Amino acid sequence: MADAFTLADGPRLFDRLSLQPSDSLLQLIALANADPRPDKIDVGVGVYRDPAGGTPILRAVKAAERILLETQRTKAYLGSAGDARFVELVKPIVFGERAAADDRIVGVQTPGGCGALRLGADLIEKADPDARIFVGQPTWPNHGPLIECAGVEMVKIPYYDTASRRILFDEMMDALKDARAGDLILLHGCCHNPTGADLDLDQWKALTELVSARGLVPFIDLAYQGLGNGLEIDAQGTRMMVEAVDQALVAQSCDKNFGVYRERTGSLFIKASSAEAAGTAFGNLLQLSRTMWSMPPDHGAAIVRTVLDDPDLRADWNAELIEMCARIRSLRARLAAYDERLRYIDGQNGMFSILPLSTDAVLELRESHGIYMADSGRFNIVGLSDENADLFAAAVVEKMNE
Ligand code: LMR
């Protein structure tokens, strides 16, 4: 029989914790899965779905996995920077071929885009605890927690008005007048999450001018490159801005454009004012990574590297990415054609759009039609199928009419 130990009196460590709300998007996955209705419509979390409603593994990814299974000889550690060849191959996709050799831009592999954002926020806090990040609203619900967990102050500024379905560009520019040199602005490189409303190139240009003139530092979240209007067009704003400024951060993800979501495959790039400063930043990234995840998971990056290093697999990946993008565009066009009030959806990009519905209306649609979208009215366009797209549009329009 075990000895009877005496437990000390006093407050218990874990009793001090308070209940936390579940992450709304992750909770939505569970809610939709638990709904037994066969005709439910899951337009919650941002994953690509094919016409049959599945999220299949891309052909090139499967082929790369087969190659890895046969040829990988070791699982020994790679180090905190992760797979260097992966980072080298992703760099020109993000910044263009010309920037590939720019030694002021350095990168490390991270666990997905989330890891890249968190690592970037930690680096900012380390470099300047007084720096603030200006974040246009609405934004992806995890941006705020990621930034604030790193101890960086977030300043909310306008970005988009859901009711009038327009980007509040002048209001955003105006709010940035409060930023000090060295403050940061978080931008969505393309396929804005949750609104789908991207800046056009003239707006990127005007913003770049303001950012350069005031000494602000862009922190660009590029999680959906290739799913808006193709890899090149989707990177235009990012490339223009990064080229014009002497300091920037880019948090990049392959989770969506390679469909390797659960493999957590991303990278963080830093542009510094000199190669020497970039080298120092790189050393700091390694030190910060080491204290968070030590080393990023390998498998996703090994897949992406294998695909990008093989001309045939790369071509096949490109072809599938173009197909995914085309499917998103055609669903957008279909919704837009359904009703005048949905027409704005066609002018937006990527998986998401936000409907001008109250939270109550969103919950009613969940109850009555089994439509699972985020409480904010954000829905994943590519969660729709050819069969249910019109049913979805009809239910939404009916709610708008109420
Ligand atoms: C989303 O916004 O649905 C995705 O980025 C998934 C996530 O991690 O929230």
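See the structure above.
Note that the structure is predicted; figures quoted are calculated from it, not measured.

S.K.: Where do I start with the packing of aromatic side chains in this structure?
M.R.: One pair of aromatic rings is described through two measures. These are the centre distance and the angle between the planes. With the rule as written, the count across this model stands at four aromatic pairs. With 5.2 Å between their ring centres and 80 degrees between their planes, F95 and F269 make a pair best called edge-to-face. With F95 in helix α3 (residues 84-95) and F269 in strand β10 (residues 265-271), this pair connects stretches of sequence that are 174 residues apart. Ring centres 4.2 Å apart and planes at 10 degrees place the aromatic pair F258 and W317 in the stacked group.

S.K.: Is there a simple way to think about the pattern of salt bridges in this case?
M.R.: This model, assessed by the stated rule, comprises 24 salt bridges. We note a salt bridge from R98 to E243, for which the minimum N-O separation is 3.4 Å. Of the two residues, R98 is situated in the loop between α3 and β2 (105-111) and E243 in helix α9 (residues 236-244); the sequence distance between them amounts to 145 residues. The same class applies to R98 and to E243, which are both exposed.

S.K.: Whenever I open this one, the environment of T306 confuses me. Can you help?
M.R.: Positionally, T306 belongs in helix α11 (residues 299-308). Residues T306 and F86 lie 220 residues apart in sequence; the distance between their C-alpha atoms is 8.5 Å. In this structure, T306 is in contact with A64, I67, L68 and L313, ignoring residues within four places of it in sequence. At 2.6 Å, the side chain of T306 and the backbone oxygen of A302 are in polar contact.

S.K.: Looking at this structure, how should I read α11?
M.R.: Since the α-helix packs 3.6 residues into each turn, any two residues three or four apart lie on the same face. Most of α11 sits inside the fold, with eight of its ten residues counted as buried. Within the span of α11, buried status applies to G300, A301, A302, I303, V304, T306, V307 and L308.

S.K.: Help me understand the site of the ligand, please; the structure alone is not making it clear to me.
M.R.: If you check the shell around the ligand, you find L25, V45, G46, W140, N193, Y224, K256, F352 and R378 and nothing else. In this structure, N193 approaches the ligand through a side-chain N or O atom, which is 3.0 Å from an oxygen atom. For the ligand, an oxygen atom lies 2.8 Å from a polar atom in the side chain of R378. A total of 260 Å² of accessible area belongs to the ligand in isolation, and the protein chains cover 79% of it. Classifying every residue of the shell around the ligand gives five nonpolar, two polar and two charged. Each of domain 1 (21-57 + 313-401) and domain 2 (77-309) gives at least three residues to the shell around the ligand.

S.K.: I tried to follow the sheet that holds β10 on my own but got confused; where do I start?
M.R.: Adjacent strands of a sheet pair through backbone hydrogen bonds, lying either parallel or antiparallel. Taken in spatial order, the seven strands make up an open sheet running β2-β10-β9-β8-β7-β3-β4, and their pairing is mixed. Of all strands in the sheet, those bounded by a partner on one side alone are β2 and β4 (153-158). Pairs of neighbouring strands in the sheet enclose a mean axial angle of 25 degrees, with direction left out of account. As judged from the six bridges shared by strand β9 (residues 248-253) and β10, these two strands associate in the antiparallel manner. Directly across from A251, in β10, lies its bridge partner L268. Contacting β2, β8 (217-222), β9 and β10, α3 runs over the sheet at an angle of about 70 degrees to β10. Each of β2 and β10 touches helix α10 (residues 275-292); the most contacted strand, β2, lies at about 15 degrees to it.

S.K.: Honestly, the nonpolar core in this entry has me stumped. Any pointers?
M.R.: Nonpolar side chains tend to gather and get buried jointly when the protein is soluble and globular. In this structure, L207, W317, M373, F379 and F392 are the most contacted members of the largest nonpolar core, which totals 96 residues. Looking at this core, you find at least three residues from each of domain 1 (21-57 + 313-401) and domain 2 (77-309). With near-sequence residues (within four places) excluded, L207 lies in contact with F169, M172, M173, L176, I185, L187, L199 and M241. Counting 36 residues, the second largest nonpolar core, distinct from the first, contains V106, V152, L186 and A278.

S.K.: Explanation requested: the pairing of β8 in the structure shown.
M.R.: If a strand is regular, its side chains alternate between the two faces of the sheet. Within β8, six of the six residues are buried, leaving the element largely enclosed by the surrounding structure. Burial of the side chains of β8 extends over both faces: V217, F219 and D221 are buried on one face and P218, I220 and L222 on the other. Where strand β7 (residues 184-188) meets β8, five bridges bridge the pair, whose relative direction is parallel. Note that in β8 the partner of L187 across the bridge is I220. With helix α7 (residues 201-214) bridging β7 and the parallel β8, this β-α-β connection has right-handed handedness. When β8 meets β9, the two strands line up parallel, connected through four bridges. If you follow L222 over to β9, its bridge partner there is Q252.

Criteria and cut-off values
- Residues numbered from 1 in each chain as written.
- Predicted model: local features only at pLDDT ≥ 70, side-chain atom pairs only at ≥ 80, totals over all residues.
- Heavy atoms only, no water.
- Phe/Tyr/Trp six-rings, centres within 6.5 Å; stacked < 30°, edge-to-face > 60°.
- Helix = DSSP H or I, 4+ residues; strand = E, 2+ residues; numbered from the N terminus.
- Salt bridge = Lys/Arg side-chain N within 4 Å of Asp/Glu carboxyl O.
- Buried < 20%, exposed > 50% of the residue type's maximum accessible area, 1.4 Å probe, protein only.
- Contact = heavy atoms within 4.5 Å.
- Polar contact = N/O pair within 3.5 Å; in protein donor to acceptor, adjacent residues only side chain to side chain.
- Near = heavy atom within 4 Å.
- Areas by Shrake-Rupley, 256 points an atom, 1.4 Å probe, with all protein chains shown as cover.
- Nonpolar A, V, L, I, M, F, W, Y, C, P; charged D, E, K, R; others polar.
- Domains from an automatic or database assignment.
- Pairing = 2+ DSSP bridges.
- Axes fitted to C-alpha atoms, helices over the stretch in contact; angles between N-to-C directions.
- Core = buried A, V, L, I, M, F, W, Y, C linked by side-chain atoms within 4.5 Å.
- Right-handed = clockwise from strand over helix to strand, strands pointing away.

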